[in-house]
Each structure stands twice: as structure tokens, then as C-alpha cells.
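# Working through the structure, step by step
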Amino acid sequence: MFPTERPRRLRRTPALRRLVAETTLTPHDLVAPLFVAEGIFEPRAISSLPGHFQHTITSLREEVRALVRAGVRGVLLFGVPTTKDEVGSGAWDPDGVVQVALRELRDEFGDDIVLMADLCLDEYTSHGHCGVLLPDGTVDNDATIALYARVAVAQAQAGAAVVAPSGMMDGQVAAIRVALDDAGFTDTIILAYAAKYASGLYGPFRDAVGVEIVEGGDRKGYQQDYRNRREALREARADVAQGADIVMVKPAMSYLDVVSDLHHALDVPVCAYHVSGEYAMVKAAGANGWIDETAVAIEQLTAVRRAGADFVLTYFAREIATELDA
Ligand code: PBG
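Presented here is a report on the structure given in the accompanying data block. (Residues numbered from 1 in each chain as written. Predicted model: local features only at pLDDT ≥ 70, side-chain atom pairs only at ≥ 80, totals over all residues. Heavy atoms only, no water.)

### Concerning the side chain of Thr-188
Mapped onto the fold, Thr-188 is located in the loop between helix H5 (172-182) and strand E7 (189-196). You can call Thr-188 buried: its relative accessible area is 7%. Each residue touching Thr-188, except ones within four places of it in the same chain, is listed here: Ala-156, Ala-160, Ala-161, Val-163, Arg-177, Leu-180 and Asp-245. (Helix = DSSP H or I, 4+ residues; strand = E, 2+ residues; numbered from the N terminus. Buried < 20%, exposed > 50% of the residue type's maximum accessible area, 1.4 Å probe, protein only. Contact = heavy atoms within 4.5 Å.)

### A look at the packing of aromatic side chains
Geometry of an aromatic ring pair is reported as the spacing of the ring centres plus the angle between the planes. Under the defined criterion, the tally for this structure stands at 9 aromatic pairs. Taking the centre distance of 4.4 Å and the plane angle of 20° together, the rings of Tyr-197 and Tyr-255 count as stacked. Residue Tyr-197 is found in the loop between E7 and helix H6 (203-209), and its partner Tyr-255 is found in the loop between strand E8 (246-250) and helix H8 (256-265); the two are separated by 58 residues along the sequence. Of note, Lys-196 hangs over the ring of Tyr-202, and the distance from its end group to the ring centre comes to 5.7 Å. (Phe/Tyr/Trp six-rings, centres within 6.5 Å; stacked < 30°, edge-to-face > 60°. Lys NZ or Arg CZ within 6 Å of the ring centre and 35° of its normal.)

### A word on the nonpolar core
Counting residues in hydrophobic clusters, the biggest one holds 109 residues, and the most contacted among them are Leu-30, Phe-35, Leu-76, Tyr-148, Leu-191, Leu-262 and Tyr-273. In terms of residues, this core owes the most to one element, helix H4 (residues 141-158), which gives 8 residues. (Core = buried A, V, L, I, M, F, W, Y, C linked by side-chain atoms within 4.5 Å.)

### Examining the site of the ligand
Looking at the ligand, there are 18 residues lining it, with Asp-122, Arg-206, Lys-250, Ser-276 and Tyr-315 nearest. Take Asp-118: an N or O atom from its side chain is 3.5 Å from a nitrogen atom of the ligand. In the model, a nitrogen atom of the ligand is placed 3.3 Å from a nitrogen or oxygen of the Ser-166 side chain. In the complex, 100% of the free accessible area of the ligand, which totals 410 Å², lies under the protein chains. (Near = heavy atom within 4 Å. Polar contact = N/O pair within 3.5 Å; in protein donor to acceptor, adjacent residues only side chain to side chain. Areas by Shrake-Rupley, 256 points an atom, 1.4 Å probe, with all protein chains shown as cover.)

### Quick word on the pattern of salt bridges
Applying the stated rule across the entire model yields 15 salt bridges. With its nearest N and O atoms 2.9 Å apart, the salt bridge here joins Glu-108 to Arg-61. A residue pair is termed long-range when its members are at least 10 positions apart, and Glu-108 in helix H3 (residues 97-109) and Arg-61 in helix H2 (residues 57-70) qualify at 47 residues. Judged by relative accessible area, Arg-61 falls into the partly exposed class, the value being 24%. The closest approach of N and O atoms between Glu-319 and Lys-283, which form a salt bridge, is 3.0 Å. With Glu-319 in helix H11 (residues 317-321) and Lys-283 in helix H9 (residues 276-287), this residue pair connects regions lying 36 residues apart in the sequence. With relative accessibility at 12%, the residue Lys-283 sits in the buried group. Taken together, the salt bridges that share partners define one network made up of Arg-61, Arg-65, Glu-104 and Glu-108. (Salt bridge = Lys/Arg side-chain N within 4 Å of Asp/Glu carboxyl O.)

### A few points about the pairing of strand E4 (residues 74-80)
In terms of burial, E4 is largely enclosed, as 7 of its 7 residues are buried. One ladder, built from 7 bridges, connects strand E1 (residues 30-37) with E4; its direction is parallel. Its bridge partner being in E4, Val-31 is matched across the sheet by Gly-74. Relative to strand E5 (residues 114-119), E4 runs parallel, the two being bridged by 4 bridges. Paired with Gly-74 across the bridge in E5 is Val-114. Between E4 and its parallel partner E5, the chain crosses via H3, and the hand of that crossover is right-handed. (Pairing = 2+ DSSP bridges. Right-handed = clockwise from strand over helix to strand, strands pointing away.)

Read these as spatial facts, not as claims about activity.
Okay, structure coming up:
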């Protein structure tokens, strides 16, 4: 007779549980997405993302100070411009809101925090798509990646250590790598939104940046179909071949199989974006007293790490960092 399996032995005390834990979650594993708006004088609360704001440059700096104090090592910036046009020219304007913010943050924080810039056109285009449109209303892939290349150089010039193309255009990583290298930014890192699904979970984000896609349109023509798993590997491999330094899966919780696949199949760092809708769901249930939001947030973010993500982009970064051991 073999003795009974008794795995509970290892769960008896917190010290024991910590000792045998397979996964850790620390403030250094979190990156905070932040919004900075042009032409406002007070931060504006974003109702569908409780605790988040469209920041002024001043409030952005204060927020980054608080994040650094909490041990968070990365921020991802999104811009909210005052004017938009057909091609999204605010995205590469040296005086565009993200470029101004990057310069300020670089001057204040230097290498204390990794400055990342989302690289896309949707916040800057009048029609809300991630690229420029052909006469038939579809997105022109090759004309769009030429513009992404300009955005990348503007962001690098302004102080971004990492540019994060999120538009899901084919060939975008190669176009950006070549442009960065040609401009002398050989150290600028490309974090590719490699497996980005056409998800219903981006709703609060689109409120946050004031993006409405024309004529009730969607992004299914360029973002991935959530019925597909293997396609994510194809996308990610293509991005790595083009020079992506880090790959991202987005959203996170409904795509942990994809995170795991990329972690095992690739030899570059993998991250996942716990997106606005994922945050909003936890917040809303917490506000109703239906769940303990802090406990659920830590459980979810830990699960993303367990699936194989090296770090997690999350709107919970600041509040959860203060709950975690460094
Ligand atoms: C596109 C972009 C989106 C998000 C990040 N980058 C929106 C979209 O694809 O529609 C969503 C992030 C979130 O929901 O938190 N620039």
C-alpha cells in the first residue's frame, strides 16, 4: 500500500506556500497604460475606467511619480489630441501631445522608468480607423505602415525607449525597424502587439480616447478572429522575423492559451495586455460588493504570469503594486 497523496502538507503556512509558489507577481511585472490629453487644464475622469484620467502634462508627471514610488517600471502612453484628420498627422507631429509628454517624462525620470508609446493612428484619425483609408473605406495597409514609420521616429526622438505598434498591419514591424535604424535609433525597442484580437473588451478604452469608428464599423478586417489560436503564432513569428523585441497578446484573460503558446514557441519576452473591459468588469463587480476586487485583480494578473507572460500591462498597476511585495 502506498501512503495517501497529501499535497495539503505544502499549503499549511504562508511561508511554505510562498516557498513552493511557481509564479510570482511583483510591482516590477506591471506596466501602467496612461492617457494624456491636449488642451485641457484639469485631469478628466474616465467614467468607464474608474480611477483613471485623461491627464494633463502636470497630472501625468504626478501619476508617474506615484507609479515609480510603488515600484512599477513601465508606462505606456496614449494621446488624446484636440484635432483629428484623415491621415492622423497628430501622431507624428513633434508637438503632438504624446511627443510633448515623452520629452517631459524623459527629462524628469530618465532611466528610472521604461517609457513606452502606443504606436497607432486611431486616436488621431477623423474616421477612427487604425490607418488611412482607400476609396472603398478599407484600410490601406502599405500606405499606413509608411506613416507608422514616421510615428516611430517621432516617438523615439521624443524619448520613447519602446514603441508599441498596435494597428495590426502586415509588415508594420519591419517598416518601423528600418525607419528607426535609418534615423539612428538602433536601441529603440519594438514591442509588437503581435496577437491582437478583435475584442468586445476595448469599449472603455475607446471612451477614454474618444474614438468612434465611422458608420458603426469595426476592426475585424485587421484585428484577429477570436476563433483562431494557431494564427496567433503565425502573427507573432512574423513579427519576430521582422525585428520585434517583445511580443504582446491582447486581451489577456480570454487568451491565456495564446500566451502559453507564444511563451513556449518563441524565445523573445512575451507580455499580455489586461485591457480596459477586463479592468472595468472587475471594478464594476467590486463596486457592487459582488467580488473582492483586489483579490480578483491579483488572481487574474497572477494567472497571466502563470500562463507565461513576463509582464502585464494593466490599469490595476498602481493600486495593485501597493498591495504586492517588491
Ligand atoms: C489601438 C488600441 C486599442 C487599445 C490599445 N490600442 C483599441 C482598439 O484596438 O480598438 C485597447 C486597449 C484597452 O482596451 O485597454 N490604438
